[in-house]
Amino acid sequence: FEGLAPSDYKLGAGDEVKIIIWSDIGDQTIYDMQINPEGQIYVPMLGVIQVTGMTVKRLEEVVVGRLSEKFKHFKGQATLTKVRTIQVFVTGEVEQPGAMIVSGLSTAFSVLYQSGGPTRRGSMRNISVIGQNGKEKKIDLYDYFLTGDRRQDVSIANGDTIFVPM
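Being a predicted model, the structure only gives us computed values, none of them experimental.

Cut-offs applied
- Residues numbered from 1 in each chain as written.
- Predicted model: local features only at pLDDT ≥ 70, side-chain atom pairs only at ≥ 80, totals over all residues.
- Heavy atoms only, no water.
- Helix = DSSP H or I, 4+ residues; strand = E, 2+ residues; numbered from the N terminus.
- Contact = heavy atoms within 4.5 Å.
- Pairing = 2+ DSSP bridges.
- Axes fitted to C-alpha atoms, helices over the stretch in contact; angles between N-to-C directions.
- Phe/Tyr/Trp six-rings, centres within 6.5 Å; stacked < 30°, edge-to-face > 60°.
- Buried < 20%, exposed > 50% of the residue type's maximum accessible area, 1.4 Å probe, protein only.
- Salt bridge = Lys/Arg side-chain N within 4 Å of Asp/Glu carboxyl O.

**So, the side chain of S123**
(1) Moving on: Looking at where S123 falls in the secondary structure, it is placed in the loop between α2 (108–114) and β8 (127–130).
(2) Moving on: Filtering out sequence-adjacent residues up to four positions away, S123 remains in contact with P118, V164, P165 and M166.

So this is what it looks like as structure tokens:
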């Protein structure tokens, strides 16, 4: 999954990571863990690490940093092994409205595609992505369909709503 996840993918509750710690003399320990609902992992040699919002690269930097503070001859690596699922809502003029369980890597375009897209009456110009915090982003699908421009495609988070008006 790490190869599939963009470098700016933010870790969150439900993601699974692998931490590998090794020493110069060849000892190696592997920890497979799921990020808990509070956004933390517990690594026995390092303690609790708050990881929500970190990229995998940043998690690896934290692991290596904590190792170097405690042990001279240890090194570490972190990888993403499983991406969490999230629930989003698709409402308005779409073929299949309702709640959907999708990958944490999903974007507004991919969720719209999975929901069958706008109906014949649905707008392709004024689609809203509304976050749980109330912030709203607008999407215009025409640019994408006419030129392939994906700049308006946005990542989605758990609880987001995508609304397609008439």
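Following the structure, the description resumes.
**Digging into the sheet that holds strand β5 (residues 74–82)**
(1) Moving on: With respect to topology, 3 strands assemble into an open sheet ordered β2-β1-β5, the strand pairing being antiparallel. In this open sheet, the two strands that pair with only one neighbour each are β2 (28–34) and β5. The mean inter-strand angle of the sheet, taken between neighbouring strand axes irrespective of direction, is 15°.
(2) Moving on: With respect to the sheet, helix α1 (residues 56–70) is in contact with β1 (16–23) and β5, its orientation differing from that of β5 by roughly 155°.

**Focus: the pairing of strand β4 (residues 47–50)**
(1) Moving on: As defined by bridge partners, strand β3 (residues 40–43) adjoins β4 across 4 bridges and the pair is classed as antiparallel. Directly across from I41, in β4, lies its bridge partner I49.

**Remarks on the sheet that holds strand β6 (residues 85–92)**
(1) Moving on: Pairing is mixed in the open sheet, where 5 strands are placed in the order β7-β6-β10-β8-β9. Taken across any chain shown, the strands that pair with only one partner, and hence form the sheet edges, are β7 (98–103) and β9 (136–139). Put simply, the sheet's adjacent strands are angled 25° from each other on average, direction ignored.
(2) Moving on: Where β6 lies against strand β10 (residues 161–164), 4 bridges are found, and the strand directions are parallel. Opposite T91, over in β10, you have F163 as the bridge partner.

**Section: the packing of aromatic side chains**
(1) Moving on: Evaluated as defined, the whole model comprises 3 aromatic pairs.
(2) Moving on: Residues F109 and Y144 carry aromatic rings whose centres are separated by 4.8 Å and whose planes lie at 45° to one another, so their mutual orientation is tilted. Highlighted residues: F109 in helix α2 and Y144 in helix α3 (residues 141–147), separated in sequence by 35 residues.
(3) Moving on: According to the relative accessible area criterion, F109 is buried, its value standing at 8%.
(4) Moving on: Owing to a relative accessible area of 27%, Y144 belongs among the partly exposed residues under this scheme.

**Let's talk about the side chain of T107**
(1) Moving on: Secondary-structure assignment places T107 in the loop between β7 and α2.
(2) Moving on: In this structure T107 touches R150, D153, V154, S155 and I156, once residues within four positions along its chain are discounted.

**Let's talk about the pattern of salt bridges**
(1) Moving on: Taken as a whole and judged by the stated rule, the model has 9 salt bridges.
(2) Moving on: Here D15 ties to R84 by a salt bridge, and the two come within 2.4 Å at their closest N and O atoms. With D15 in the segment before β1 and R84 in the loop between β5 and β6, the pair connects residues that are 69 residues apart, well separated along the chain. Residue D15 shares its accessibility class with R84, and that shared class is buried.
(3) Moving on: R150 is the salt-bridge partner of D153, the closest N and O atoms lying 2.8 Å from each other.
(4) Moving on: Under the relative-accessibility criterion, D153 is labelled buried at 14%.

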